[in-house]
Amino acid sequence: MESLLVSTGVVALAEIGDKTQLLAFILAARFKKPLPIILGILVATLFNHGLAGALGAWITATLTPEVLRWVLGLSFIGMAIWTLIPDKIEEEETRIAGRFGVFGATLVTFFLAEMGDKTQVATVAMAAHYATPLLVVIGTTLGMLIADVPAVFVGDKLANRIPMKLVHSIAAGIFALLGIATLLGAGAKLGF
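In this text the structure is predicted, and so the values were computed from the model without any measurement.

Engineer: Would you take a moment to explain the overall build of the protein for this structure?
Structural biologist: Along the backbone of the protein there are eight helices and zero strands. Reading the secondary structure of the protein in the N-to-C direction produces α-α-α-α-α-α-α-α. Taken across its 192 residues, the protein has 47% of its residues classed as buried. Summing over all exposed atoms, the protein offers an accessible surface of approximately 9,700 Å²; the carbon and sulfur share of this is 75%.

Take a look at the structure:
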């Protein structure tokens, strides 16, 4: 039970301000259909974190905390740069949605956004730490939903009031700060 509760709490907190939470907001603002977005988040997270849980022990044994810190820090800085190029990202989301609908667009973009994300890395680490990877995956999925479902509803309600360029700029700033803080060793006590 501890693995379920800890993984839920850690991921819910880690997801606040994360790129996937911002993606939930953007998808809701763009498509204005909360239910298929929430279902897409659920399925993408189960699949992504399921893979992370299955590979947790192997990856944790392979990467040292120092290497993991650099990978995470550079990933955040990369996301900051990527976030400043919203037109290309949004055109791709629209193309995916045209082919697969809102659910499919959410599924694909969330799955890809979670690859190498801090919540995925946290899932890997907790799955390696606890002997119950299934409970860890359930917990991390619940944590994602706790953080992202409200973002979907806020995005749907505020779609016409908040300029997306501002949202992208703020997100880029947050990612850059997280990247720099990670590279400087903030979070060393957590193993990152």
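Engineer: Even after reading the chapter, I still don't get unusual backbone geometry, so can you show me in this structure?
Structural biologist: With a phi angle near 55°, K32 is a residue other than glycine that sits in the positive phi range. Relative to the helices and strands, K32 resides in the loop between α2 (19-31) and α3 (34-62).

Engineer: Just checking my understanding: could you explain the packing of helix α1 (residues 2-15) against helix α6 (residues 118-129) for this structure?
Structural biologist: Interhelical geometry of α1 versus α6 gives an angle of 160° and a closest axis separation of 9 Å. Between α1 and α6, the angle falls in the class roughly antiparallel. Where α1 crosses over α6, the two elements pack in a sense that is right-handed. From α1, V6, S7, V10, V11, A14 and E15 reach across to α6, where they touch K118, T119, A122 and M126. A breakdown of the residues in the contact of α1 with α6 according to their chemical character gives six nonpolar, two polar and two charged.

Engineer: So what exactly am I meant to see when it comes to the environment of A181 here?
Structural biologist: Within the secondary structure layout, A181 lies in helix α8 (residues 164-183). For A181, a relative accessible area of 28% translates into the label partly exposed. Separated by 108 residues in sequence, A181 and G73 place their C-alpha atoms 7.6 Å apart.

Engineer: How do you make sense of the nonpolar core when you look at a structure like this?
Structural biologist: Side chains of a nonpolar character, in soluble globular proteins, are inclined to be buried together. Residues A24, L27, I37, I41, F110, M126 and V152 are the most contacted members of the largest nonpolar core, which totals 23 residues. The set of elements that each furnish at least two residues to this core consists of α2, α3, α5 (86-114), α6 and α7 (133-157). Residues in contact with A24, not counting those within four places in the same chain, are I41, F110, D148, A151 and V152.

Engineer: I would appreciate a short explanation of the confidence of the model for the protein in the present structure.
Structural biologist: The predicted structure's coordinates, where accompanied by low pLDDT, should not be read in detail. The pLDDT averaged across the protein works out to 78; a share of 74% of its residues lies at or above 70. Averaged over each element, pLDDT in the protein is lowest for helix α4 (residues 65-83) (70) and highest for α7 (88).

Engineer: Help me understand the environment of W70, please; the structure alone is not making it clear to me.
Structural biologist: Structurally, the position occupied by W70 is in helix α4. Put simply, W70 and T182 are 112 residues apart on the chain and 7.6 Å apart in space, counted from C-alpha to C-alpha.

Engineer: Honestly, α2 in this entry has me stumped. Any pointers?
Structural biologist: With 13 residues, α2 extends 18 Å from end C-alpha to end C-alpha; this agrees with the ideal 18 Å at 1.5 Å per step. Where burial is concerned, most of α2 is hidden: twelve out of the 13 residues are buried. For α2, the complete set of buried residues consists of K19, T20, Q21, L22, L23, A24, F25, I26, L27, A28, A29 and F31. Immediately beyond the C-terminal end of α2, within one or two residues, lies K32, with a positive phi of roughly 55°.

Engineer: Even after reading the chapter, I still don't get the packing of aromatic side chains, so can you show me in this structure?
Structural biologist: The geometry of an aromatic ring pair is captured by the separation of the ring centres together with the interplanar angle, meaning the angle of the planes. The final tally for this structure, using the stated rule, is one aromatic pair. With centroids separated by 5.2 Å and ring planes inclined at 35°, the aromatic side chains of F47 and F111 adopt a geometry described as tilted. A residue pair is termed long-range when its members are at least 10 positions apart, and F47 in helix α3 and F111 in helix α5 qualify at 64 residues. The exposure class assigned to F47 is exposed, which follows from its relative accessible area of 52%.

Engineer: I would appreciate a short explanation of the environment of T119 in the present structure.
Structural biologist: Here T119 is to be found in helix α6. On the basis of relative accessibility, which here comes to 0%, the residue T119 falls in the buried class. Taking the C-alpha atoms as reference, T119 lies 10.0 Å from T45; in sequence the two are 74 residues apart. Excluding its chain neighbours within four sequence positions, the residues that come into contact with T119 are V11, A14, E15, H49, E114 and M144.

The rules behind each value
Within any chain, residue numbers begin from 1 and follow the written order of that chain's sequence. Per-residue local features are limited, in this predicted model, to residues with pLDDT of at least 70; the limit for side-chain atom pairs, both in listing and counting, is 80 or more; totals at the level of whole chains, interfaces and linings are taken over all residues. Just so you know, side-chain values use all the structure's heavy atoms and leave hydrogens and water out. Comment: elements are numbered from the N terminus, with helices defined as DSSP H or I runs of at least four residues and strands as E runs of at least two. Relative accessible area decides the class of each residue, using a 1.4 Å probe on protein chains only: under 20% of the type maximum gives buried, over 50% gives exposed, and in between gives partly exposed. In these tables, accessible area is a Shrake-Rupley quantity obtained with a 1.4 Å probe, and a residue counts as shielded only by the protein chains included in the view. An axis is simply a line fitted to the C-alpha atoms; with a helix, the fit covers only the stretch in contact. Between two such axes, the angle follows the N-to-C directions and lies from 0 to 180 degrees. We call two directions roughly parallel when the angle between them is under 35 degrees, roughly antiparallel when it is over 145, roughly perpendicular when it lies between 65 and 115, and oblique otherwise. Working rule for handedness: look at the near helix, and if it is turned counterclockwise from the far one by less than a right angle, call the crossing left-handed; if clockwise, right-handed. A contact between two residues is defined here by any heavy atoms of the two lying within 4.5 Å. Under the scheme applied, nonpolar residues are Ala, Val, Leu, Ile, Met, Phe, Trp, Tyr, Cys and Pro; charged residues are Asp, Glu, Lys and Arg; polar residues are all the others, including Gly. Residues grouped as a nonpolar core are buried Ala, Val, Leu, Ile, Met, Phe, Trp, Tyr and Cys residues, joined through side-chain atoms within 4.5 Å. You can read pLDDT as the predictor saying how much it trusts each residue, on a scale of 0 to 100. Each helix should span, by expectation, one fewer than its residue count multiplied by 1.5 Å. Within 6.5 Å between ring centres, the rings of Phe, Tyr and Trp (the latter by its six-membered ring) count as paired, and their orientation is classed by plane angle as stacked under 30 degrees, edge-to-face over 60, tilted in between.

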